[in-house]
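As a plain string of letters, each chain reads:
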Amino acid sequence: MTLTQLRYLVAIADAGFNITQAAERVHATQPGVSKQLKQLEDELGFQIFLRKGRSLEGVSPAGVKVIESARKILTEAANIRSYAANERGEHRGRLLLATTHTQARYVLPPVIAELARRYPQVSVDLFAAGDAEVLEKLDEADFGLISTAGPAPATSGVVVPLYRWRRVLLVPATHPLAAREGAPTLAELALYPLVSYESSKHPDSSLQRAFAQAGVAPQIAMTARDANLIKTYVRAGMGAGLLAEMAVSGREDADLRALQAPLELPECITWAVVPRGRVLREYALVLLHALAPQIDPRDLRRVLEGHQDARWPEPPRWRPA
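Note that this is a predicted model, so its numbers are computed, not measured.

**Examining the nonpolar core**
In step 1: Phe143, Leu162 and Leu288 are the most contacted members of the largest nonpolar core, which totals 47 residues.
In step 2: Of the residues forming this core, the biggest block, seven residues, is contributed by helix H11 (residues 282–291).
In step 3: With 21 residues, the next largest nonpolar core counts Tyr8, Val10, Ala13 and Ala15 among its residues.

**Concerning the side chain of Gln103**
In step 1: Note on placement: Gln103 falls in helix H5 (residues 101–106).
In step 2: Note on Gln103: relative accessible area 1%, which makes it buried.
In step 3: For Gln103, the residues in contact, after removing those within four places along its chain, are Leu108, Pro109, Leu145, Ser147, Tyr163, Trp165, Met246 and Thr270.

**Quick look at the packing of H11 against helix H12 (residues 297–304)**
In step 1: Look at H11 against H12: their axes get within 11 Å of each other, and the N-to-C directions meet at 120°. If you check the angle between H11 and H12, you find them oblique. As for how H11 packs across H12, the hand of that crossing is right-handed. Mapping the contact onto sequence places Glu282, Leu285, Leu288 and His289 in H11 and Pro297, Leu300, Arg301 and Leu304 in H12.
In step 2: In terms of residue class, the contact of H11 with H12 is built from five nonpolar, one polar and two charged.

**Focus: the sheet that holds strand E6 (residues 158–165)**
In step 1: Taken together, the five strands give an open sheet; going across it, the order is E4-E3-E5-E12-E6, and neighbouring strands pair in mixed fashion. What marks the edges here is a single partner per strand, and that holds for strand E4 (122–128) and E6. Recorded for the sheet is a direction-independent mean angle of 20° between the axes of neighbouring strands.
In step 2: Bridge analysis of strand E5 (residues 143–148) against strand E12 (residues 268–274) gives five bridges, and the strand direction is antiparallel. By the bridge assignment for E12, Ser147 is matched with Thr270.
In step 3: Contacts from H11 reach strand E3 (93–99), E4, E5, E6 and E12 within the one sheet, and its direction differs from that of E3 by about 35°.

**Focus: the pattern of salt bridges**
Close approach of charged atoms allows side chains of opposite charge to pair.
In step 1: For the structure on display, the rule yields 21 salt bridges.
In step 2: Here Asp253 ties to Lys231 by a salt bridge, and the two come within 3.1 Å at their closest N and O atoms. Here Asp253 is found in the loop between strand E10 (240–244) and strand E11 (256–260), whereas its partner Lys231 is found in helix H10 (residues 227–235), with 22 residues between them in sequence. Of the two residues examined, Asp253 and Lys231, each falls in the buried class.
In step 3: The shortest N-O distance in the salt bridge between Arg235 and Asp253 comes to 3.2 Å.

How each quantity is defined
Residues numbered from 1 in each chain as written. Predicted model: local features only at pLDDT ≥ 70, side-chain atom pairs only at ≥ 80, totals over all residues. Heavy atoms only, no water. Core = buried A, V, L, I, M, F, W, Y, C linked by side-chain atoms within 4.5 Å. Buried < 20%, exposed > 50% of the residue type's maximum accessible area, 1.4 Å probe, protein only. Helix = DSSP H or I, 4+ residues; strand = E, 2+ residues; numbered from the N terminus. Contact = heavy atoms within 4.5 Å. Axes fitted to C-alpha atoms, helices over the stretch in contact; angles between N-to-C directions. Parallel < 35°, antiparallel > 145°, perpendicular 65-115°, else oblique. Left-handed = near helix turned anticlockwise from the far one by under 90°. Nonpolar A, V, L, I, M, F, W, Y, C, P; charged D, E, K, R; others polar. Pairing = 2+ DSSP bridges. Salt bridge = Lys/Arg side-chain N within 4 Å of Asp/Glu carboxyl O.

Written out as structure tokens, the structure reads:
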């Protein structure tokens, strides 16, 4: 049994039992992956995957435990490599960051640019998606960035509060709210169509809960994951945009009027989520600290390695870099 065989095994499971896609993920050939799988099953003495003809269609009961153990072994092997690289002072490799579109577009560029200047031999891969997909990506990402308007996200990983932010209302100059001074109430906002993030339609979203507490219902005309798309459809007259404050630029959005969002909408926090037990490379810790400079890097490392309980300082308000 080899680490390569275990890596191929996990890739097959993660590719929905499609060996061709699994081979692409691990940069191998389909016959090579199939051969290694057969050798592993021959050694174990049973089939890990259920088969229908020449295709895989599921995992056998015994295979479930094998794949679970394989994931743990691969994680620990990666941790050993990270420990060794950190001890050697080696600053080269790949950093995979799973993040929401808003953080990727408006917060991360200057931070990652500075990381690239400091560690030119580190390549950064961004996986931009919705919050749920970010959490699902943590099996392979170094860490993820998500935002909540309430308690810390429910996850088995270590959550680190980075910064607080509020929502902004963005309207065309001809919109009835454009001449208003100060934030409208939710009751006033309920009179107009809204364009916001796709999570706004979820019944348990902070936006839906806030409107419900105010005794009114929002008119969600359109949703999108990307703040630029929201602004595009605000300009097209679809409605008033409700989006993160970091997504609004006085220079880029000079044709629109930015208003404070209703005060009843709760403040949001952006969190870093690090898989528990993951040993981060030094450059990943540097990036994490750049996003949360209020946290002592030594405390950050001790908490992530399980040597100290998390007692994070109050996250500051987000400010442009």
